[in-house]
Amino acid sequence: DSGVFVGREDETDLLNDLPSTGTGLTAVTVRGMGGVGKTTLVWHHARRHLAAGRGPVWWIDAESPELIRAGLAALAEALDLKPDKSLTDLEASAQALAWLQGRTGWLVVFDNAENPSDLRPFLGSLTTGQILVTTRRDLAWPGGGMTVNLTTLPPDHAVTVLQELT
């Protein structure tokens, strides 16, 4: 992270205003072309979520079903839900999903999602926290939740970013 973050005030406010506890809110998709700042926007939101003491945050690479299961299995391991290490990723991911569903206030990020069908089995069972999905794909995502469409930064903000980085 470069520490430079400007020009996304409306999107940041929108994400910060999302409820952080179980309201049945479906996933929020942050969509835009590669390099436009989807992951950076969500990363800044996740930092604010943690700083506000809303609950835990877990980041999952969502480019494939295998990576999603591995990310959830890593969550199970971090939570010590996989003490004997003999569970498969599928079993451990089920443990992580059960843990999340039993709590409120958490945030899970599915980063760089490629295919809505890859997320469908996981999103349906997560209703007690926040889910953010980043993607380059302009497709219908599971649950039909809110979509934040990111475009390139306005020129004045782009100049500020370049100046700060150099």
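Residues numbered from 1 in each chain as written. Predicted model: local features only at pLDDT ≥ 70, side-chain atom pairs only at ≥ 80, totals over all residues. Heavy atoms only, no water.

Caption draft 1: Inspection of the overall build of the protein at higher detail. Secondary structure summary: the protein contains six helices and five strands in total. Each helix and strand of the protein, placed in order from N terminus to C terminus, yields the pattern α-β-α-β-α-α-β-α-β-β-α. Out of the 166 residues belonging to the protein, those deemed buried represent 40%. A fraction of 68% describes how many contacts in the protein between residues 6 or more apart in sequence connect residues 24 or more apart. Total accessible area computed for the protein in this model is approximately 8,300 Å², and 52% of it derives from carbon and sulfur atoms. (Helix = DSSP H or I, 4+ residues; strand = E, 2+ residues; numbered from the N terminus. Buried < 20%, exposed > 50% of the residue type's maximum accessible area, 1.4 Å probe, protein only. Contact = heavy atoms within 4.5 Å. Areas by Shrake-Rupley, 256 points an atom, 1.4 Å probe, with all protein chains shown as cover.)

Caption draft 2: A look at the nonpolar core. By size, the foremost hydrophobic cluster in this structure holds 23 residues, and its most contacted members are Ile 68, Leu 72, Leu 100, Phe 110, Leu 119, Ile 131 and Val 133. Every element with two or more residues in this core is listed here: α3 (65-78), α4 (89-101), β3 (107-113), α5 (116-123) and β4 (130-135). (Core = buried A, V, L, I, M, F, W, Y, C linked by side-chain atoms within 4.5 Å.)

Caption draft 3: Here's a closer look at the packing of α3 against α4. Contact pair α3 / α4: the axes reach a minimum separation of 7 Å and the direction vectors enclose 65 degrees. Note on packing geometry: the crossing formed by α3 with α4 is left-handed. Contact residues: Arg 69, Ala 70, Leu 72, Ala 73, Leu 75 and Ala 76 in α3; Asp 89, Leu 90, Ala 92, Ser 93, Ala 96, Leu 97 and Leu 100 in α4. (Axes fitted to C-alpha atoms, helices over the stretch in contact; angles between N-to-C directions. Left-handed = near helix turned anticlockwise from the far one by under 90°.)

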